[in-house]
Amino acid sequence: MMTLHPKVIDLTLDRVQRLLAALGHPERRLPPVIHIAGTNGKGSTQAMIRAGLETAGRASMPIPRRIWRGFTNASGWRAR
């Protein structure tokens, strides 16, 4: 198998971290977000995460994809 694809696959996040550093870490300027994607289980996953956040005294605001575009939160951050 190694003769067909002799390269070692890098599964670390080092390249992404270097890119973000070179861009000035734009991810640090975003509000905290949990994105849930997939075919099945999004609703129950969102409900469990929301329950955990609220139990910990944190606020949560689920935003269905259909209304995501054009959303502006209280801090003025706008989804595009």
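All values derive from a computational prediction rather than experimental measurement. (Residues numbered from 1 in each chain as written. Predicted model: local features only at pLDDT ≥ 70, side-chain atom pairs only at ≥ 80, totals over all residues. Heavy atoms only, no water.)

Engineer: So what exactly am I meant to see when it comes to the overall build of the protein here?
Structural biologist: Scanning the protein for helices and strands turns up 2 helices and 0 strands. Within the protein, the proportion of its 80 residues that are buried is 4%. Accessible area for the protein stands at about 7500 Å²; split by element, carbon and sulfur atoms hold 60% of it. (Helix = DSSP H or I, 4+ residues; strand = E, 2+ residues; numbered from the N terminus. Buried < 20%, exposed > 50% of the residue type's maximum accessible area, 1.4 Å probe, protein only. Areas by Shrake-Rupley, 256 points an atom, 1.4 Å probe, with all protein chains shown as cover.)

Engineer: Please clarify how the pattern of salt bridges should be interpreted in this entry.
Structural biologist: In a structure, side chains of opposite charge can pair up when their charged atoms sit close to one another. On inspection of all chains with the given rule, the structure shows 1 salt bridge. Linking glutamate 54 and arginine 50 is a salt bridge whose minimum nitrogen-to-oxygen distance equals 3.0 Å. Of this pair, glutamate 54 and arginine 50 are both found in helix α2 (residues 42–55), 4 residues apart, which corresponds to roughly one turn of the helix. (Salt bridge = Lys/Arg side-chain N within 4 Å of Asp/Glu carboxyl O.)

Engineer: Quick question: what am I supposed to make of unusual backbone geometry here?
Structural biologist: Excluding glycine, residues mostly have negative phi values, and the peptide bonds linking residues are mostly trans. Here histidine 25, not a glycine, exhibits a phi torsion of approximately 50 degrees, which is positive. Tracing the sequence through the fold places histidine 25 in the loop between α1 (14–22) and α2.

Engineer: Hey, could you run me through α2 in this one?
Structural biologist: Three or four residues apart is the spacing at which side chains of an α-helix point the same way, because the helix has 3.6 residues per turn. With 14 residues, α2 ought to run about 20 Å at 1.5 Å a step, and its terminal C-alpha atoms sit 20 Å apart, in line with that. Looking one or two places after α2, you find glycine 57, whose phi comes out positive at around 85 degrees. (Expected span 1.5 Å × (residues − 1).)

Engineer: Please explain the environment of proline 62 as it appears in this structure.
Structural biologist: Positionally, proline 62 belongs in the segment after α2. A residue is classified by how much of its surface remains accessible, and proline 62, at 38% relative accessible area, is partly exposed. Note: C-alpha distance between proline 62 and isoleucine 34 (28 residues apart in sequence) is 9.4 Å. The residues contacting proline 62, other than those within four sequence positions of it, are Gln46 and Arg50. (Contact = heavy atoms within 4.5 Å.)

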